[in-house]
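This is what each chain is made of:
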Amino acid sequence: MSTHRAVARPAREPSAPAVHTGDALATHLTDASRFPGGQATSLVRPKTEGEVAHAVQHAERVLPIGAQSSLTGAATPTGGLLLDTAELNTLRLEGDEAVVGAGVSLLELETFLAEHDAYYPPIPTYTGALVGGSISTNAAGAATWKYGTTRPWVQGLTVVLADGSVLELRRGEVHAADGVFVIETPSGELRVPVPGYTMPDVPKRSAGYHAEPGMDLIDLFIGAEGTLGVVTEARLKVVTHPPQVVTCLVPFADEAAGLKLVAALRDASRATWASGDPAGVDVRAVESMDRRSVELLQADGEDEKYGVELPRDTALVLLVQAELPHDFDADEALGRYAEGERGVDGLGALLALLEEHVDFDAVELALPDDRARREQLFELREAVPSCVNHRVRDAQRDVERRADPQGRRRHDRALRALRRHARDLRARVRRARARRGDLGSRLRRQRAPQRDPALLRRRRARARGAAGLRARAGAARRLPAQRARHRAQPGQARAPAPALRRRRDCRHARGQTRPRPQRQARPRRDLPLGGLGGARLRPGSWFSASAAPRAADVPL
Ligand SMILES: Cc1cc2nc3c(=O)[nH]c(=O)nc-3n(C[C@H](O)[C@H](O)[C@H](O)COP(=O)(O)OP(=O)(O)OC[C@H]3O[C@@H](n4cnc5c(N)ncnc54)[C@H](O)[C@@H]3O)c2cc1C
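What you see is a predicted model, and the numbers here were worked out from it, not measured in a lab.

**Q** Would you mind going over the site of the ligand with me for this structure?
**A** Of all residues adjacent to the ligand, which total 32 residues, the nearest are Pro 64, Gly 66, Ser 69, Thr 125 and Ala 140. Glu 225 has a polar side-chain atom sitting 2.8 Å from an oxygen atom of the ligand. Separating a nitrogen atom of the ligand from a backbone N or O atom of Val 231 is a distance of 2.9 Å. Within the complex, the protein chains bury 88% of what would otherwise be the 970 Å² of accessible surface of the ligand. A molecule is said to occupy a pocket when more than half its atoms come within 2 Å of that pocket's grid points, and by this definition the ligand occupies the largest pocket. Listing elements by their share of the shell around the ligand, those giving two or more residues are strand 4 (62–65), helix 4 (131–136) and strand 13 (230–237). Ranked by the residues each element gives to the shell around the ligand, the list is headed by helix 4, at 4 residues. Looking at the shell around the ligand residue by residue, the classes come out as 17 nonpolar, 13 polar and 2 charged.

**Q** Help me understand a positive patch on the surface in this model?
**A** Positive charge collects at one region of the surface, where Arg 409, Arg 410, Arg 413, Arg 416, Arg 419, Arg 420, Arg 423, Arg 426, Arg 428, Arg 430, Arg 431 and Arg 435 lie side by side. In this fold, Arg 423 is placed in helix 13 (residues 405–447).

**Q** Could you clarify how one ought to interpret the layout of surface pockets in this entry?
**A** To locate leftover empty space, one rolls a probe as large as a water molecule over the atoms. Here the largest pocket defines a volume of roughly 1,300 Å³. Residue lining of the largest pocket: 45 residues in total, with Ala 32, Gln 68, Ser 69, Ser 70 and Leu 71 positioned closest to the centre. Of all the secondary structure elements, the ones that give two or more residues to the lining of the largest pocket are strand 4, helix 4, strand 13 and helix 12 (371–403). In terms of residue count, the dominant contributor to the lining of the largest pocket is helix 12 (7 residues). For the lining of the largest pocket, the per-class residue count stands at 20 nonpolar, 19 polar and 6 charged. Three or more residues apiece are contributed to the lining of the largest pocket by two domains, here domain 1 (5–240) and domain 2 (244–392). Taken as a whole, the second largest pocket spans an internal volume of roughly 1,000 Å³. Along its surface, the second largest pocket is lined by 32 residues, and Glu 110, Arg 284, Arg 371, Arg 374 and Glu 375 are the ones closest to its centre. Breaking the lining of the second largest pocket down by element, the ones donating at least two residues are helix 3 (106–115), strand 8 (118–119), strand 15 (244–252) and helix 12. Per-element tally for the lining of the second largest pocket: the top contributor is helix 12, with 7 residues. Counting the residues that make up the lining of the second largest pocket, at least three belong to each of domain 1 (5–240) and domain 2 (244–392).

**Q** What's the story with the sheet that holds strand 12 (residues 188–193) in this structure? I'm lost.
**A** To summarise the sheet geometry, strands pair through backbone hydrogen bonds and adopt either a parallel or an antiparallel arrangement. In spatial order, the strands read 1-11-12; together these 3 strands make up an open sheet with mixed pairing. Only two strands of the sheet have a single neighbouring strand rather than two, namely strand 1 (5–7) and strand 12. The mean angle between the axes of side-by-side strands here comes to 20°, regardless of whether they run parallel or antiparallel. Where strand 11 (residues 180–185) meets strand 12, 6 bridges bridge the pair, whose relative direction is antiparallel. Residue pairing across strands places Ile 183 opposite Leu 190, the latter belonging to strand 12.

**Q** Help me understand the packing of aromatic side chains, please; the structure alone is not making it clear to me.
**A** The way to describe two aromatic rings as a pair is by their centre distance and the angle between their planes. Following the criterion strictly, the structure yields 3 aromatic pairs and no others. Judged by centre distance (5.7 Å) and plane angle (70°), the rings of Trp 145 and Trp 273 are edge-to-face. Residue Trp 145 is located in helix 5 (residues 144–147), and its partner Trp 273 is located in helix 7 (residues 255–275); the two are separated by 128 residues in the primary sequence. Accessibility expressed as a relative area gives 32% for Trp 273, which makes it partly exposed. With a centroid separation of 5.9 Å and an interplanar angle of 65°, the aromatic rings of Tyr 147 and Trp 153 are classed as edge-to-face. The cationic tip of Lys 237 hangs over the ring face of Trp 153; the distance from NZ or CZ to the ring centre is 4.9 Å.

**Q** Looking at this structure, I do not really get the nonpolar core. What am I missing?
**A** Counting 42 residues, the largest nonpolar core has Leu 109, Leu 157 and Leu 217 as the members making the most contacts within it. Among all residues touching Leu 157, those that are not within four sequence positions of it are Ile 135, Leu 167, Glu 168, Leu 169, Ile 218, Phe 221, Ile 222, Val 231, Glu 233 and Ala 234. By size, the runner-up hydrophobic cluster in this structure holds 30 residues, among which are Val 281, Leu 316, Ala 349 and Val 363.

**Q** Even after reading the chapter, I still don't get the pattern of salt bridges, so can you show me in this structure?
**A** Once the charged atoms of two side chains with opposite charge are near each other, the side chains can pair. Scanning the entire structure with this criterion turns up 27 salt bridges. The salt bridge involving Arg 92 is made with Glu 94; its shortest N-O contact spans 2.9 Å. Judged by its relative accessible area of 36%, Arg 92 is partly exposed. The salt bridge partner of Glu 97 is Arg 235, with a shortest N-O separation of 2.8 Å.

**Q** Sorry, what's going on with unusual backbone geometry here?
**A** Most peptide bonds take the trans form, and the phi angle of most residues other than glycine is negative. Phi at Gln 68 takes a positive value of approximately 55°, unusual for a residue other than glycine. The residue Gln 68 is located in the loop between strand 4 and strand 5 (81–84) in this model.

**Q** What am I meant to see in the sheet that holds strand 15 here?
**A** Strand order across the open sheet formed by 4 strands is 16-17-15-18, with antiparallel pairing between neighbours. Both edges of this open sheet fall to strand 16 (283–290) and strand 18 (364–366), since each of them pairs with a single strand only. Within the sheet, the average angular offset between the axes of one strand and its neighbour, ignoring direction, is 15°. Pairing between strand 16 and strand 17 (residues 316–324): 7 bridges, direction antiparallel. For Val 283, the partnering residue across the bridge sits in strand 17 and is Ala 322. Running at roughly 5° to strand 15, helix 11 (residues 346–357) makes contact with strand 15, strand 16, strand 17 and strand 18 of the sheet.

**Q** Sorry if this is basic, but what is going on with the pairing of strand 7 (residues 97–101) here?
**A** Regular strands have side chains that alternate between both faces of the sheet. Of all 5 residues in strand 7, 5 are buried, a share of seventy percent or more. Residues Glu 97, Val 99 and Gly 101 line one face of strand 7 and the alternating positions Ala 98 and Val 100 line the opposite face, and both faces are buried. Pairing between strand 6 (residues 91–94) and strand 7: 4 bridges, direction antiparallel. Bridge pairing in strand 7 places Leu 93 opposite Ala 98. The turn joining strand 6 and strand 7, which pair antiparallel and follow one another in sequence, is formed by 2 residues; a positive phi near 65° is taken by Gly 95. Where strand 7 and strand 13 come together, 5 bridges link them in antiparallel fashion. Each bridged residue has a counterpart across the sheet, and for Val 99 the counterpart in strand 13 is Arg 235.

Calculation rules
Residues numbered from 1 in each chain as written. Predicted model: local features only at pLDDT ≥ 70, side-chain atom pairs only at ≥ 80, totals over all residues. Heavy atoms only, no water. Near = heavy atom within 4 Å. Polar contact = N/O pair within 3.5 Å; in protein donor to acceptor, adjacent residues only side chain to side chain. Areas by Shrake-Rupley, 256 points an atom, 1.4 Å probe, with all protein chains shown as cover. 1 Å grid on protein atoms, 1.4 Å probe; cavity = no way out; pocket = protein on both sides within 12 Å on 5 of 7 lines; lining within 4 Å. Sits in = over half its atoms within 2 Å of the grid points. Helix = DSSP H or I, 4+ residues; strand = E, 2+ residues; numbered from the N terminus. Nonpolar A, V, L, I, M, F, W, Y, C, P; charged D, E, K, R; others polar. Patch = residues over 30% accessible without salt bridge, like charges linked within 9 Å, V, L, I, M, F, W, Y side chains within 5 Å. Salt bridge = Lys/Arg side-chain N within 4 Å of Asp/Glu carboxyl O. Lys, Arg positive; Asp, Glu negative; His and termini not counted. Charge placed at Lys NZ, Arg CZ, Asp CG, Glu CD. Points joined across faces, edges and corners; volume = space filled by probe spheres on them. Domains from an automatic or database assignment. Pairing = 2+ DSSP bridges. Axes fitted to C-alpha atoms, helices over the stretch in contact; angles between N-to-C directions. Phe/Tyr/Trp six-rings, centres within 6.5 Å; stacked < 30°, edge-to-face > 60°. Buried < 20%, exposed > 50% of the residue type's maximum accessible area, 1.4 Å probe, protein only. Lys NZ or Arg CZ within 6 Å of the ring centre and 35° of its normal. Core = buried A, V, L, I, M, F, W, Y, C linked by side-chain atoms within 4.5 Å. Contact = heavy atoms within 4.5 Å.

Set out below in structure tokens:
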């Protein structure tokens, strides 16, 4: 039965955690926002709820931190104690719930769940973030479109309150009544009013405390950025036997055409969710890179690095993730589609929709079992912020140099001194040469050739020349006999010269060389396929994932 009262218990085994200062502290004085001026007196890394309780009870100000990937400056300390949650790292699966310590990273969680055939959907783009941090920011990821933010996936929370007492919350057990919650703690009763503002009607709402008439107490702590307590453990709902995912990279020369496809994918997916049609389009995420992002990737060669062909006039790239049933055979479905069977399964429906909106030739498809290619497509996406970041860093340095006139004067003075010094050196060398004459300097070089790169180059060239001559002379001696024995018969492939072959065989027998790899027929890299509007499939284009051996297809 629901109530508006919650009871906090004393912490189990309270004990003092080790306190760190110096380097251990210095590395935590800023977060991913690079907000300047971070400071703290000390740092603790509690391993248990009892150590967290002791730390918050005895500190005047506490900032709990996860991976400090906050982009708002919320994980930058402004004094007081830093409470690093990274060592609260228990992890287990109970039915369709993961019971997770606040310090487990989302990547660890994702990997653990994958091993147990389960999936936690609201993982944000940065998978190094910790579970506690993602709950405290109500983080959302690319799949939020289908699955929502972190909030609905949190089924239970253990929170250490400011007085060191511990609140264990289960979704559905405590709801606000008449706009208040009552929390009984060992140090007294707290009346907590529900915030009076109205939340905007948008899927991602992370600024400020959650507010809703009759809301669940657990929702007050989700997204509270650590201001109401330290989350030590969470119960997260997970999807068991998760769907497979097919990933498509779709470039457009016309942005409006790309947005039209997004709208079509959204409408088709909503219809599938409403009808439950197993053969419907089921898109979990659509991400986009605009023209400027594409230009950055091309300028830094990132497109080539990941073997992605983005035409020069690309105005928009969509990265689409669509779901297919858990036991779906994507290869077979692709074959069916290629033979003209449309709309009989989810993959066919997706391909038909893409074919309506885009030139297939430019689309790349990573099928569910092509995990490596899928990761590469995501890495390409992640390269965009990296390209931006290094430009921002360069610009910052430039601004700093210009904004600090004294520094700039110092820099100019140093540069002038360097140039003067180089001029002096050149003049001294000229004078010394003139005094000793050409002969003297040549003798000196012969005595110390290692100091004269030009001379070294000439010597090496001469040595190479001599070796080349010797080799040519040997070859000339062998040549007539070899030619006689190995003149190719018409229509026969020419065998290698026996002298060379024997030497190679000996070296191979002694383990000095590897056998020459057998040349194999190259897989066809340009497969015509019926039923695709005449589209020809190229390596790196969307059917390559299944049409031919992958290693040959992915130009890395
Ligand atoms: C490259 C990159 C991509 C990102 N992508 C996304 C994205 O797709 N979606 C998204 O929502 N965000 C994204 N973020 C922002 C950030 O990753 C998330 O907000 C993440 O959830 C923060 O987790 P964290 O462990 O780093 O927490 P921190 O940054 O350490 O802390 C964030 C806040 O939570 C509080 N906090 C941390 N742990 C606890 C705890 N155990 N108990 C109570 N309070 C706590 C801190 O005091 C702070 O106020 C991205 C950041 C980066 C750098």
